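The residues making up each chain are set out below.
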Amino acid sequence: MGKEKKEKNQNKEENQTGEKQEQQDKQVEEYGQLTLEDGDAKIHLLNIIGEIEGHECLPSNSKTTKYEHVIPQLAAVEDSKTIQGLLVLINTVGGDVESGLAIAEMIASLSKPTVSLVLGGSHSIGVPLAVSTDYSFIVPTGTMMIHPVRMTGLIIGVAQTFDYFQKIQDRIAGFITQHSGISEERLLKLMLETGELTKDVGSVLVGRQAVEEGIIDEVGGIRDAFGKLREMIEEG
């Protein structure tokens, strides 16, 4: 009788483990997010990849990060009594400015320790996302592209349009300088550089260059990012 009960409990535990793994796999597949519970601290992982999708849906063959998925999850992280920190992995080409900035503001306003890691690249609106955390890392081969605001679709050629562009650019530049060590003057110079990109103006910073410019805090990888976040959690 005792043997049957032991086997029953074992089967129940295996089923619960399988259901939990299935839920985690679904969370990663649909939202690019996962809560890591096996370590000494409960850490939420946010993966920002592809293009930041805004108010309009991008083609189904495009890799996207949907802000309507990310923002509620960040609110849940803030409200959670068990999640202790947030790790943001970034490999994005940029995308919708308003949505990217909204996500960056949400991350910056979290009360829990946050760390970002730039992997392949963090271009355009990905720059505010990378600096929105309490501490940031970039891998040695990671890149960051800094350029002026661009807009697709119908544009009305009047002075008000260009004023609006300037306001958007000022918001982005203000956020970056507020959350990193680069000055606004230097940032604008990098944005308007004409000698680096063949068909555009702007600058590409690779690994250590981003650190030297004061945008990213440190060159490192996933081990460094986890180590720093756990250190911040223990201090907090």
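1. Section: the overall build of the protein
Then comes step 1: When helices and strands are counted, the protein shows 8 helices and 9 strands.
Then comes step 2: Classification of the 236 residues of the protein by burial places 41% in the buried group.
Then comes step 3: Counting contacts in the protein only where the partners sit at least 6 residues apart, residues at least 24 apart contribute 66% of the total.
Then comes step 4: On the protein, roughly 13600 Å² of surface is accessible, and the fraction owed to carbon and sulfur atoms is 50%.

2. Brief notes about helix H8 (residues 222-235)
Then comes step 1: With 14 residues, H8 should cover 20 Å at 1.5 Å per step; its first-to-last C-alpha distance of 20 Å lies within 8% of that length.
Then comes step 2: Three or more residues of H8 are buried, namely Ala-225, Phe-226, Leu-229, Met-232 and Ile-233. The arc enclosing the buried residues of H8, seen along the axis, measures out at 130°, which places them on a common side. Opposite the buried face of H8, by more than 90 degrees, sit the exposed residues Arg-223, Glu-234 and Glu-235.

3. Focus: a nonpolar patch on the surface
Then comes step 1: Residues Met-151, Ile-155 and Tyr-164 make up a contiguous nonpolar surface patch of about 260 Å² in total accessible area.
Then comes step 2: Mapped onto the elements, Tyr-164 comes out in helix H5 (residues 159-178).

Quick notes on the rules
Each chain carries its own residue numbering, running from 1 in the written order of its sequence. Since the coordinates come from a predicted model, pLDDT governs what is reported: local features require at least 70, and pairs of side-chain atoms require 80 or more to be given and counted, while whole-chain, interface and lining totals use all residues. Neither water nor hydrogens contribute to the side-chain values; these are computed over all heavy atoms in the structure. Numbering goes from the N terminus for both helices and strands, where a helix is a DSSP run of H or I of at least four residues and a strand is a run of E of at least two. We call a residue buried when its accessible area falls under 20% of the maximum for its residue type, exposed when it is over 50%, and partly exposed in between, using a 1.4 Å probe and counting protein chains only. Residues count as neighbours in contact if any of their non-hydrogen atoms are within 4.5 Å of one another. Areas reported as accessible are Shrake-Rupley estimates using a 1.4 Å probe. Residue values count occlusion only from the protein chains shown. An expected span of 1.5 Å times one less than the residue number is assigned to each helix. To be clear, the arc concerns the directions from the helix axis to the C-beta atoms. Patch construction takes residues with relative accessible area above 30% that form no salt bridge. Like charges are linked within 9 Å, and nonpolar side chains (Val, Leu, Ile, Met, Phe, Trp, Tyr) are linked within 5 Å. Any carboxyl oxygen of Asp or Glu within 4 Å of a side-chain nitrogen of Lys or Arg constitutes a salt bridge here.

From the geometry alone we can't say anything about function, so treat these as descriptive.
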